[in-house]
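A closer look at the structure
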Amino acid sequence: PSPFRDVKMDDDMDYGFEYSDDDEDDTDVDVENAYYNAKASKEESEWSEALSGFESVVDMEGDAKGEWGFKALRNIVKINHRLGNSPESLAAYRRLLEYISGAVTRNYAEKVVNSVLDFVSVTPAGQLVQTTTTTTTTTPAPAAAAAASTPPVGTTIQDGGGSGSFLKSFYELTLEALKQPNAHNERLWFKTNLKLCELWFTQREFGRMARTLKELHKACRLEDGTEDHKKGTQLLEVFAVEIKMHTERKDHKKLKELYRRALTVKSAIPHPRIMGIIRECGGKMHMDERSWDMAATDFFEAFKSYDEAGERRRISCLKYLVLASMLMESKVDPFDAQEAKPYKHDPEIVAMTNLVEAYGQNDIAQFERVLRGRDGETILGDAFIRDYVEDLLRNVRTSVVLRLVQPYTSLTLAFLADELNVSVAAVEELVVDLILDGRLVGGELDQVTGVLSFKKAPIAVTAAGAGAADDPRAAAAAAAASSADAKYAALDRWAKQLLKLLASQSKGL
(Lines give C-alpha, C1' and ligand atoms only; values in the text may rest on other atoms or scores of the structure.)
Protein backbone atom coordinates (compact mmCIF):
# COMPACT_ATOMS: atom_id res chain seq x y z
CA PRO A 1 0.00 0.00 0.00
CA SER A 2 1.06 3.53 -0.69
CA PRO A 3 2.53 5.34 2.31
CA PHE A 4 0.78 8.52 1.15
CA ARG A 5 -2.76 7.11 0.99
CA ASP A 6 -4.00 8.97 4.10
CA VAL A 7 -2.55 12.41 3.31
CA LYS A 8 -5.55 13.57 1.33
CA MET A 9 -7.81 12.62 4.16
CA ASP A 10 -5.76 14.60 6.75
CA ASP A 11 -5.84 18.14 5.23
CA ASP A 12 -7.41 19.60 8.40
CA MET A 13 -4.88 18.11 10.77
CA ASP A 14 -2.70 20.43 12.86
CA TYR A 15 0.94 19.87 11.96
CA GLY A 16 2.24 22.29 14.65
CA PHE A 17 2.93 25.29 12.37
CA GLU A 18 2.53 28.69 14.08
CA TYR A 19 1.05 31.54 12.09
CA SER A 20 0.54 34.00 15.00
CA ASP A 21 3.74 35.95 14.22
CA ASP A 22 2.53 36.69 10.73
CA ASP A 23 -0.80 37.83 12.17
CA GLU A 24 1.00 40.19 14.54
CA ASP A 25 3.14 41.50 11.72
CA ASP A 26 0.01 42.21 9.71
CA THR A 27 -1.46 44.08 12.68
CA ASP A 28 1.73 46.12 13.10
CA VAL A 29 1.68 46.98 9.41
CA ASP A 30 -1.94 48.10 9.65
CA VAL A 31 -1.15 50.32 12.65
CA GLU A 32 1.91 51.73 10.91
CA ASN A 33 -0.08 52.46 7.73
CA ALA A 34 -2.82 54.13 9.76
CA TYR A 35 -0.21 56.31 11.45
CA TYR A 36 1.37 57.46 8.21
CA ASN A 37 -2.04 58.10 6.63
CA ALA A 38 -2.87 60.37 9.59
CA LYS A 39 0.50 62.05 9.28
CA ALA A 40 -0.16 62.73 5.58
CA SER A 41 -3.46 64.39 6.53
CA LYS A 42 -1.58 66.53 9.03
CA GLU A 43 0.91 67.63 6.37
CA GLU A 44 -2.02 68.58 4.12
CA SER A 45 -3.46 70.69 6.98
CA GLU A 46 -6.52 68.44 7.18
CA TRP A 47 -6.64 68.69 10.94
CA SER A 48 -9.91 66.85 11.66
CA GLU A 49 -8.91 63.90 9.49
CA ALA A 50 -5.45 63.87 11.08
CA LEU A 51 -6.89 63.82 14.61
CA SER A 52 -9.31 61.01 13.70
CA GLY A 53 -6.51 59.04 12.09
CA PHE A 54 -4.19 59.35 15.08
CA GLU A 55 -7.04 58.38 17.44
CA SER A 56 -7.65 55.25 15.35
CA VAL A 57 -3.97 54.32 15.74
CA VAL A 58 -4.34 54.45 19.53
CA ASP A 59 -7.56 52.40 19.36
CA MET A 60 -5.98 49.78 17.09
CA GLU A 61 -3.20 49.16 19.63
CA GLY A 62 -5.71 48.85 22.46
CA ASP A 63 -4.24 47.73 25.76
CA ALA A 64 -1.04 46.62 24.06
CA LYS A 65 0.46 50.07 24.22
CA GLY A 66 3.34 50.58 21.83
CA GLU A 67 5.46 53.03 19.91
CA TRP A 68 2.85 53.92 17.27
CA GLY A 69 0.23 54.86 19.84
CA PHE A 70 2.84 56.92 21.68
CA LYS A 71 3.73 58.80 18.48
CA ALA A 72 0.04 59.27 17.64
CA LEU A 73 -0.72 60.81 21.04
CA ARG A 74 2.24 63.16 20.67
CA ASN A 75 0.69 64.46 17.44
CA ILE A 76 -2.78 64.71 19.01
CA VAL A 77 -1.36 66.86 21.82
CA LYS A 78 0.41 69.21 19.41
CA ILE A 79 -2.44 69.57 16.93
CA ASN A 80 -5.01 70.27 19.64
CA HIS A 81 -2.69 72.82 21.21
CA ARG A 82 -2.18 74.65 17.93
CA LEU A 83 -5.93 74.58 17.29
CA GLY A 84 -6.54 76.14 20.71
CA ASN A 85 -8.19 73.02 22.15
CA SER A 86 -6.33 73.21 25.46
CA PRO A 87 -8.49 70.70 27.46
CA GLU A 88 -8.24 68.10 24.68
CA SER A 89 -4.50 68.69 24.41
CA LEU A 90 -4.05 68.19 28.14
CA ALA A 91 -6.23 65.05 28.14
CA ALA A 92 -4.19 63.52 25.31
CA TYR A 93 -0.96 64.36 27.17
CA ARG A 94 -2.28 62.54 30.25
CA ARG A 95 -2.84 59.45 28.10
CA LEU A 96 0.62 59.81 26.56
CA LEU A 97 2.23 59.73 30.02
CA GLU A 98 0.74 56.27 30.62
CA TYR A 99 3.24 54.95 28.04
CA ILE A 100 6.39 56.02 29.92
CA SER A 101 6.04 53.21 32.48
CA GLY A 102 7.44 50.62 30.07
CA ALA A 103 5.55 50.79 26.79
CA VAL A 104 8.48 52.64 25.22
CA THR A 105 12.14 52.90 26.14
CA ARG A 106 13.19 55.36 28.83
CA ASN A 107 15.37 57.43 26.49
CA TYR A 108 12.68 57.66 23.83
CA ALA A 109 10.07 58.60 26.44
CA GLU A 110 12.35 61.34 27.75
CA LYS A 111 12.96 62.69 24.25
CA VAL A 112 9.26 62.82 23.32
CA VAL A 113 8.06 64.28 26.63
CA ASN A 114 10.72 66.98 26.47
CA SER A 115 9.77 67.83 22.89
CA VAL A 116 6.08 68.12 23.84
CA LEU A 117 6.83 70.35 26.85
CA ASP A 118 9.10 72.55 24.75
CA PHE A 119 6.41 72.77 22.08
CA VAL A 120 3.59 73.90 24.38
CA SER A 121 6.00 76.35 26.06
CA VAL A 122 7.01 78.23 22.92
CA THR A 123 4.03 77.81 20.57
CA PRO A 124 0.97 80.02 21.13
CA ALA A 125 -2.24 78.06 21.63
CA GLY A 126 -4.67 78.55 18.74
CA GLN A 127 -1.80 79.37 16.38
CA LEU A 128 -3.47 77.59 13.45
CA VAL A 129 -6.78 79.34 14.08
CA GLN A 130 -5.01 82.72 14.18
CA THR A 131 -3.13 81.94 10.95
CA THR A 132 -6.36 80.92 9.20
CA THR A 133 -8.32 84.03 10.23
CA THR A 134 -5.55 86.45 9.28
CA THR A 135 -4.90 84.91 5.84
CA THR A 136 -6.93 86.69 3.19
CA THR A 137 -5.73 86.17 -0.37
CA THR A 138 -3.00 83.56 -0.28
CA THR A 139 -2.31 80.71 2.09
CA PRO A 140 1.34 79.79 2.70
CA ALA A 141 2.48 76.21 2.86
CA PRO A 142 1.83 74.61 6.28
CA ALA A 143 5.52 74.33 7.10
CA ALA A 144 6.19 77.94 6.10
CA ALA A 145 3.19 79.18 8.07
CA ALA A 146 4.31 77.32 11.15
CA ALA A 147 7.86 78.64 10.82
CA ALA A 148 6.68 82.22 10.33
CA SER A 149 4.43 82.23 13.39
CA THR A 150 6.62 80.26 15.76
CA PRO A 151 8.77 82.37 18.12
CA PRO A 152 12.56 81.91 18.12
CA VAL A 153 13.93 78.90 19.94
CA GLY A 154 14.37 79.66 23.60
CA THR A 155 11.47 82.13 23.78
CA THR A 156 9.03 81.30 26.56
CA ILE A 157 5.38 82.21 26.20
CA GLN A 158 4.16 83.09 29.66
CA ASP A 159 0.84 81.29 29.57
CA GLY A 160 1.16 78.77 26.75
CA GLY A 161 -1.47 80.74 24.88
CA GLY A 162 -4.18 80.65 27.55
CA SER A 163 -3.29 80.92 31.20
CA GLY A 164 -0.32 80.13 33.41
CA SER A 165 -2.30 77.22 34.84
CA PHE A 166 -2.21 75.51 31.42
CA LEU A 167 1.58 75.07 31.37
CA LYS A 168 1.59 74.41 35.10
CA SER A 169 -0.81 71.49 34.54
CA PHE A 170 1.50 69.99 31.91
CA TYR A 171 4.51 70.17 34.22
CA GLU A 172 2.66 68.87 37.26
CA LEU A 173 1.19 65.96 35.30
CA THR A 174 4.71 65.04 34.16
CA LEU A 175 6.17 65.18 37.67
CA GLU A 176 3.26 63.10 39.03
CA ALA A 177 3.69 60.48 36.30
CA LEU A 178 7.41 60.18 37.11
CA LYS A 179 6.52 59.03 40.63
CA GLN A 180 5.17 55.75 39.24
CA PRO A 181 7.38 52.71 40.03
CA ASN A 182 8.53 52.00 36.47
CA ALA A 183 8.54 55.60 35.25
CA HIS A 184 11.34 57.13 37.33
CA ASN A 185 13.64 59.18 35.13
CA GLU A 186 15.96 61.57 36.96
CA ARG A 187 16.98 63.56 33.89
CA LEU A 188 13.37 64.12 32.82
CA TRP A 189 12.42 65.08 36.40
CA PHE A 190 15.29 67.57 36.47
CA LYS A 191 14.48 69.17 33.11
CA THR A 192 10.76 69.40 33.92
CA ASN A 193 11.50 71.20 37.18
CA LEU A 194 13.79 73.61 35.32
CA LYS A 195 10.93 74.37 32.93
CA LEU A 196 8.64 74.89 35.92
CA CYS A 197 11.16 77.37 37.33
CA GLU A 198 11.07 79.28 34.05
CA LEU A 199 7.28 79.46 34.31
CA TRP A 200 7.48 80.79 37.89
CA PHE A 201 10.06 83.33 36.68
CA THR A 202 7.86 84.71 33.89
CA GLN A 203 4.98 84.98 36.35
CA ARG A 204 7.26 86.51 39.02
CA GLU A 205 6.28 83.77 41.47
CA PHE A 206 9.67 83.98 43.16
CA GLY A 207 8.58 82.16 46.32
CA ARG A 208 7.49 79.07 44.39
CA MET A 209 10.54 79.37 42.18
CA ALA A 210 12.85 79.38 45.21
CA ARG A 211 11.22 76.19 46.57
CA THR A 212 11.65 74.40 43.24
CA LEU A 213 15.28 75.57 43.02
CA LYS A 214 15.89 74.18 46.49
CA GLU A 215 14.79 70.74 45.26
CA LEU A 216 17.03 71.04 42.21
CA HIS A 217 20.04 71.99 44.34
CA LYS A 218 19.33 69.00 46.56
CA ALA A 219 19.40 66.72 43.51
CA CYS A 220 22.91 68.03 42.70
CA ARG A 221 24.36 67.13 46.11
CA LEU A 222 25.83 64.00 47.58
CA GLU A 223 24.43 62.35 50.70
CA ASP A 224 26.88 64.30 52.89
CA GLY A 225 25.51 67.60 51.55
CA THR A 226 28.47 68.51 49.35
CA GLU A 227 28.08 69.27 45.64
CA ASP A 228 28.27 66.27 43.32
CA HIS A 229 31.06 67.12 40.86
CA LYS A 230 29.64 64.58 38.43
CA LYS A 231 26.59 66.81 38.08
CA GLY A 232 28.47 70.00 37.28
CA THR A 233 26.52 70.61 34.07
CA GLN A 234 23.17 70.28 35.85
CA LEU A 235 24.42 72.53 38.65
CA LEU A 236 25.29 75.26 36.14
CA GLU A 237 21.77 75.03 34.69
CA VAL A 238 20.36 75.58 38.17
CA PHE A 239 22.75 78.49 38.78
CA ALA A 240 21.69 80.09 35.48
CA VAL A 241 18.00 80.06 36.44
CA GLU A 242 18.70 81.20 40.00
CA ILE A 243 20.97 84.03 38.80
CA LYS A 244 18.15 85.25 36.53
CA MET A 245 15.81 85.34 39.51
CA HIS A 246 18.19 87.34 41.73
CA THR A 247 19.01 89.68 38.84
CA GLU A 248 15.31 90.44 38.49
CA ARG A 249 14.95 90.92 42.26
CA LYS A 250 18.13 93.04 42.36
CA ASP A 251 19.47 90.96 45.23
CA HIS A 252 23.10 91.85 44.54
CA LYS A 253 24.55 90.11 47.58
CA LYS A 254 23.11 86.73 46.58
CA LEU A 255 23.81 87.43 42.92
CA LYS A 256 27.51 87.97 43.58
CA GLU A 257 27.74 84.74 45.54
CA LEU A 258 26.00 82.67 42.85
CA TYR A 259 27.96 84.30 40.03
CA ARG A 260 31.29 83.46 41.66
CA ARG A 261 30.19 79.91 42.48
CA ALA A 262 29.04 79.40 38.88
CA LEU A 263 32.41 80.48 37.51
CA THR A 264 34.22 78.04 39.82
CA VAL A 265 32.39 74.98 38.44
CA LYS A 266 35.01 73.27 36.31
CA SER A 267 33.61 69.74 35.96
CA ALA A 268 30.91 70.74 33.50
CA ILE A 269 30.40 70.94 29.77
CA PRO A 270 27.44 73.31 29.71
CA HIS A 271 25.38 74.34 26.73
CA PRO A 272 26.64 77.72 25.44
CA ARG A 273 23.21 79.20 26.16
CA ILE A 274 23.66 78.47 29.88
CA MET A 275 27.00 80.26 30.01
CA GLY A 276 25.43 83.10 28.03
CA ILE A 277 22.77 83.55 30.70
CA ILE A 278 25.33 83.47 33.53
CA ARG A 279 27.67 85.94 31.82
CA GLU A 280 24.86 88.30 30.80
CA CYS A 281 23.54 88.46 34.36
CA GLY A 282 27.10 88.96 35.61
CA GLY A 283 27.49 91.88 33.21
CA LYS A 284 24.28 93.46 34.48
CA MET A 285 25.47 93.01 38.05
CA HIS A 286 28.75 94.81 37.25
CA MET A 287 26.85 97.58 35.45
CA ASP A 288 24.78 98.19 38.54
CA GLU A 289 28.02 98.48 40.52
CA ARG A 290 29.40 100.91 37.92
CA SER A 291 32.24 98.49 37.15
CA TRP A 292 32.08 99.25 33.44
CA ASP A 293 35.24 97.36 32.41
CA MET A 294 34.19 94.13 34.15
CA ALA A 295 30.69 94.49 32.67
CA ALA A 296 32.15 94.85 29.17
CA THR A 297 34.17 91.65 29.63
CA ASP A 298 31.12 89.68 30.75
CA PHE A 299 28.89 91.01 27.98
CA PHE A 300 31.48 90.04 25.38
CA GLU A 301 31.67 86.51 26.79
CA ALA A 302 27.86 86.33 26.87
CA PHE A 303 27.71 87.52 23.26
CA LYS A 304 30.16 84.80 22.14
CA SER A 305 28.23 82.10 24.02
CA TYR A 306 24.86 83.16 22.61
CA ASP A 307 26.39 83.41 19.15
CA GLU A 308 27.68 79.86 19.43
CA ALA A 309 24.25 78.68 20.56
CA GLY A 310 22.50 80.58 17.75
CA GLU A 311 20.46 82.60 20.26
CA ARG A 312 18.92 85.97 19.35
CA ARG A 313 20.08 87.31 22.73
CA ARG A 314 23.51 87.78 21.15
CA ILE A 315 22.30 91.06 19.60
CA SER A 316 21.17 92.39 22.99
CA CYS A 317 24.47 91.45 24.60
CA LEU A 318 26.39 93.12 21.78
CA LYS A 319 24.39 96.31 22.41
CA TYR A 320 25.18 96.05 26.12
CA LEU A 321 28.87 95.63 25.26
CA VAL A 322 28.77 98.84 23.21
CA LEU A 323 26.99 100.58 26.09
CA ALA A 324 29.61 99.47 28.63
CA SER A 325 32.44 100.50 26.28
CA MET A 326 31.00 104.02 26.02
CA LEU A 327 30.53 104.30 29.77
CA MET A 328 34.12 103.20 30.47
CA GLU A 329 35.25 105.78 27.88
CA SER A 330 37.18 103.12 26.01
CA LYS A 331 38.92 104.05 22.78
CA VAL A 332 38.70 100.45 21.53
CA ASP A 333 35.96 99.77 18.98
CA PRO A 334 33.97 96.69 20.13
CA PHE A 335 33.42 95.79 16.47
CA ASP A 336 37.13 95.27 15.95
CA ALA A 337 36.60 91.80 17.44
CA GLN A 338 36.31 89.11 14.77
CA GLU A 339 33.15 87.67 16.36
CA ALA A 340 31.34 91.04 16.35
CA LYS A 341 32.13 92.24 12.83
CA PRO A 342 29.34 90.30 11.04
CA TYR A 343 26.71 92.05 13.17
CA LYS A 344 27.88 95.63 12.66
CA HIS A 345 25.13 96.30 10.09
CA ASP A 346 22.29 94.68 12.02
CA PRO A 347 19.45 97.28 12.28
CA GLU A 348 19.51 97.25 16.09
CA ILE A 349 23.30 97.54 16.16
CA VAL A 350 23.34 100.36 13.58
CA ALA A 351 21.28 102.47 16.00
CA MET A 352 23.93 101.93 18.68
CA THR A 353 26.82 102.66 16.30
CA ASN A 354 25.19 106.00 15.38
CA LEU A 355 25.07 106.79 19.07
CA VAL A 356 28.71 105.73 19.50
CA GLU A 357 29.77 108.01 16.64
CA ALA A 358 28.11 111.06 18.23
CA TYR A 359 29.49 110.04 21.61
CA GLY A 360 33.05 109.71 20.30
CA GLN A 361 32.88 113.18 18.75
CA ASN A 362 31.44 114.71 21.94
CA ASP A 363 28.66 116.08 19.77
CA ILE A 364 25.93 116.62 22.34
CA ALA A 365 23.44 117.95 19.76
CA GLN A 366 23.85 114.92 17.47
CA PHE A 367 23.79 112.58 20.46
CA GLU A 368 20.41 113.94 21.55
CA ARG A 369 19.09 113.89 17.97
CA VAL A 370 19.90 110.18 17.73
CA LEU A 371 17.99 109.52 20.96
CA ARG A 372 14.99 111.54 19.77
CA GLY A 373 14.87 109.97 16.30
CA ARG A 374 14.00 106.53 14.97
CA ASP A 375 17.25 105.08 16.28
CA GLY A 376 16.28 106.34 19.71
CA GLU A 377 13.12 104.24 19.63
CA THR A 378 15.23 101.15 19.03
CA ILE A 379 17.74 102.06 21.74
CA LEU A 380 15.29 103.20 24.40
CA GLY A 381 13.01 100.24 23.68
CA ASP A 382 15.43 98.17 25.78
CA ALA A 383 14.66 98.86 29.45
CA PHE A 384 18.19 97.92 30.52
CA ILE A 385 19.84 100.43 28.16
CA ARG A 386 17.27 103.07 29.09
CA ASP A 387 18.47 102.92 32.71
CA TYR A 388 21.96 104.07 31.63
CA VAL A 389 21.12 106.76 29.08
CA GLU A 390 21.48 109.45 31.76
CA ASP A 391 24.99 108.15 32.53
CA LEU A 392 25.87 108.40 28.84
CA LEU A 393 24.50 111.94 28.63
CA ARG A 394 26.47 112.89 31.72
CA ASN A 395 29.67 111.54 30.17
CA VAL A 396 29.08 113.48 26.95
CA ARG A 397 28.29 116.67 28.86
CA THR A 398 31.38 116.19 31.00
CA SER A 399 33.57 115.90 27.89
CA VAL A 400 31.96 119.00 26.39
CA VAL A 401 32.50 121.03 29.59
CA LEU A 402 36.15 119.97 29.84
CA ARG A 403 36.66 121.05 26.22
CA LEU A 404 34.78 124.35 26.52
CA VAL A 405 36.65 125.65 29.58
CA GLN A 406 40.11 125.24 28.07
CA PRO A 407 40.52 128.75 26.54
CA TYR A 408 38.98 130.65 29.46
CA THR A 409 40.04 131.92 32.87
CA SER A 410 36.39 132.54 33.77
CA LEU A 411 33.00 131.82 32.26
CA THR A 412 29.40 131.78 33.38
CA LEU A 413 27.26 128.76 34.07
CA ALA A 414 24.62 130.26 31.79
CA PHE A 415 27.06 130.01 28.87
CA LEU A 416 27.74 126.35 29.62
CA ALA A 417 24.01 125.68 30.00
CA ASP A 418 23.33 127.11 26.54
CA GLU A 419 26.07 124.97 25.00
CA LEU A 420 24.80 121.81 26.68
CA ASN A 421 21.12 122.63 26.17
CA VAL A 422 20.33 121.99 29.85
CA SER A 423 19.32 124.09 32.85
CA VAL A 424 21.79 126.20 34.84
CA ALA A 425 21.06 124.06 37.90
CA ALA A 426 22.09 120.90 36.02
CA VAL A 427 25.34 122.53 34.85
CA GLU A 428 26.09 123.76 38.37
CA GLU A 429 25.70 120.23 39.74
CA LEU A 430 27.98 118.86 37.01
CA VAL A 431 30.68 121.52 37.56
CA VAL A 432 30.66 121.01 41.33
CA ASP A 433 31.15 117.26 40.84
CA LEU A 434 34.00 117.84 38.39
CA ILE A 435 35.78 120.18 40.83
CA LEU A 436 35.33 117.79 43.76
CA ASP A 437 36.57 114.89 41.61
CA GLY A 438 39.69 116.89 40.71
CA ARG A 439 38.85 116.95 37.01
CA LEU A 440 38.78 120.75 36.80
CA VAL A 441 42.14 121.54 38.41
CA GLY A 442 42.29 125.06 39.84
CA GLY A 443 38.63 125.72 39.17
CA GLU A 444 36.57 127.76 41.63
CA LEU A 445 32.82 128.21 41.39
CA ASP A 446 31.01 131.24 42.78
CA GLN A 447 27.55 129.79 43.22
CA VAL A 448 26.07 133.21 44.03
CA THR A 449 27.12 134.88 40.78
CA GLY A 450 27.20 131.65 38.77
CA VAL A 451 30.77 132.19 37.57
CA LEU A 452 33.40 129.46 37.14
CA SER A 453 36.90 130.93 37.32
CA PHE A 454 40.48 129.72 37.14
CA LYS A 455 43.63 131.43 38.48
CA LYS A 456 45.40 130.16 35.39
CA ALA A 457 44.25 128.60 32.16
CA PRO A 458 42.31 125.50 33.25
CA ILE A 459 43.70 122.01 32.98
CA ALA A 460 40.99 119.43 32.46
CA VAL A 461 41.83 116.09 34.01
CA THR A 462 40.66 112.88 32.38
CA ALA A 463 38.66 110.23 34.16
CA ALA A 464 41.88 108.32 34.79
CA GLY A 465 43.18 111.30 36.76
CA ALA A 466 45.99 112.64 34.48
CA GLY A 467 46.07 116.04 32.75
CA ALA A 468 45.79 116.29 28.99
CA ALA A 469 48.86 114.75 27.38
CA ASP A 470 50.38 114.45 30.92
CA ASP A 471 51.42 118.13 30.73
CA PRO A 472 53.87 119.08 33.56
CA ARG A 473 51.49 121.92 34.36
CA ALA A 474 48.93 119.30 35.33
CA ALA A 475 51.26 117.85 37.96
CA ALA A 476 52.07 121.32 39.29
CA ALA A 477 48.40 122.26 39.37
CA ALA A 478 47.51 119.01 41.08
CA ALA A 479 50.21 119.66 43.71
CA ALA A 480 48.82 123.16 44.24
CA ALA A 481 45.34 121.74 44.59
CA SER A 482 46.63 119.23 47.14
CA SER A 483 48.27 122.05 49.09
CA ALA A 484 45.02 124.00 49.04
CA ASP A 485 43.16 120.95 50.28
CA ALA A 486 45.56 120.65 53.20
CA LYS A 487 45.03 124.33 54.02
CA TYR A 488 41.25 123.96 53.99
CA ALA A 489 41.47 120.83 56.16
CA ALA A 490 43.57 122.77 58.72
CA LEU A 491 41.04 125.62 58.72
CA ASP A 492 38.25 123.11 59.28
CA ARG A 493 40.03 121.61 62.30
CA TRP A 494 40.65 125.11 63.69
CA ALA A 495 36.96 125.99 63.32
CA LYS A 496 35.91 122.84 65.16
CA GLN A 497 38.27 123.63 68.05
CA LEU A 498 36.82 127.14 68.30
CA LEU A 499 33.30 125.71 68.43
CA LYS A 500 34.30 123.36 71.25
CA LEU A 501 35.89 126.24 73.16
CA LEU A 502 32.75 128.34 72.72
CA ALA A 503 30.58 125.46 73.92
CA SER A 504 32.69 124.96 77.08
CA GLN A 505 32.55 128.66 77.89
CA SER A 506 28.80 128.71 77.50
CA LYS A 507 28.48 125.86 80.01
CA GLY A 508 30.69 127.74 82.49
CA LEU A 509 28.42 130.78 82.30
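Before any of the text, the structure's been laid out above.
As the structure is a prediction and not an experimental result, all values here were calculated from the model.

Basis of the calculations
- Residues numbered from 1 in each chain as written.
- Predicted model: local features only at pLDDT ≥ 70, side-chain atom pairs only at ≥ 80, totals over all residues.
- Heavy atoms only, no water.
- Helix = DSSP H or I, 4+ residues; strand = E, 2+ residues; numbered from the N terminus.
- Buried < 20%, exposed > 50% of the residue type's maximum accessible area, 1.4 Å probe, protein only.
- Arc of directions from axis to C-beta.
- Polar contact = N/O pair within 3.5 Å; in protein donor to acceptor, adjacent residues only side chain to side chain.
- Patch = residues over 30% accessible without salt bridge, like charges linked within 9 Å, V, L, I, M, F, W, Y side chains within 5 Å.
- Areas by Shrake-Rupley, 256 points an atom, 1.4 Å probe, with all protein chains shown as cover.
- Salt bridge = Lys/Arg side-chain N within 4 Å of Asp/Glu carboxyl O.
- Lys, Arg positive; Asp, Glu negative; His and termini not counted.
- Charge placed at Lys NZ, Arg CZ, Asp CG, Glu CD.

1. Examining the environment of E308
Along the polypeptide, E308 turns up in helix α14 (residues 292–309). Relative accessible area serves as the criterion here: at 65%, E308 is assigned to the exposed category. With 36 residues separating them along the chain, E308 and P272 place their C-alpha atoms 6.5 Å apart.

2. What to know about helix α17 (residues 364–372)
Taken residue by residue, α17 has I364, F367, E368, V370 and L371 as its buried positions. On an axial view of α17, the arc spanned by its buried residues comes to 155°, and they lie on one face. Where α17 begins, the capping side chain belongs to D363, and its oxygen is found 3.3 Å from the backbone nitrogen of A365.

3. Side note on a negative patch on the surface
Negative charge collects at one region of the surface, where E43, E44, E46 and E49 lie side by side. In this fold, E49 is placed in helix α2 (residues 47–61). Residue classification places E49 among the partly exposed positions, given a relative accessible area of 46%.

4. Things to note about a nonpolar patch on the surface
Residues W494, L498 and L501 make up a contiguous nonpolar surface patch of roughly 340 Å² in combined accessible area. Inspection of the secondary structure puts L498 in helix α23 (residues 472–508).

5. Quick look at the pattern of salt bridges
A complete count under the given rule lists 27 salt bridges for this structure. When the shortest N-O distance is used, the salt bridge between K304 and E301 registers 3.4 Å. Separated by 3 residues within a single helix, K304 and E301 lie in helix α14, roughly one turn from each other. For E301, a relative accessible area of 26% translates into the label partly exposed. Of the charged contacts in the structure, one is a salt bridge between R394 and D433, with a shortest N-O distance of 2.4 Å. Here D433 lies in helix α22 (residues 424–436) and R394 lies in helix α20 (residues 389–404), a separation of 39 residues in the sequence. Residue R394 is classed as partly exposed on the basis of its relative accessible area of 33%. Relative accessible area serves as the criterion here: at 25%, D433 is assigned to the partly exposed category.

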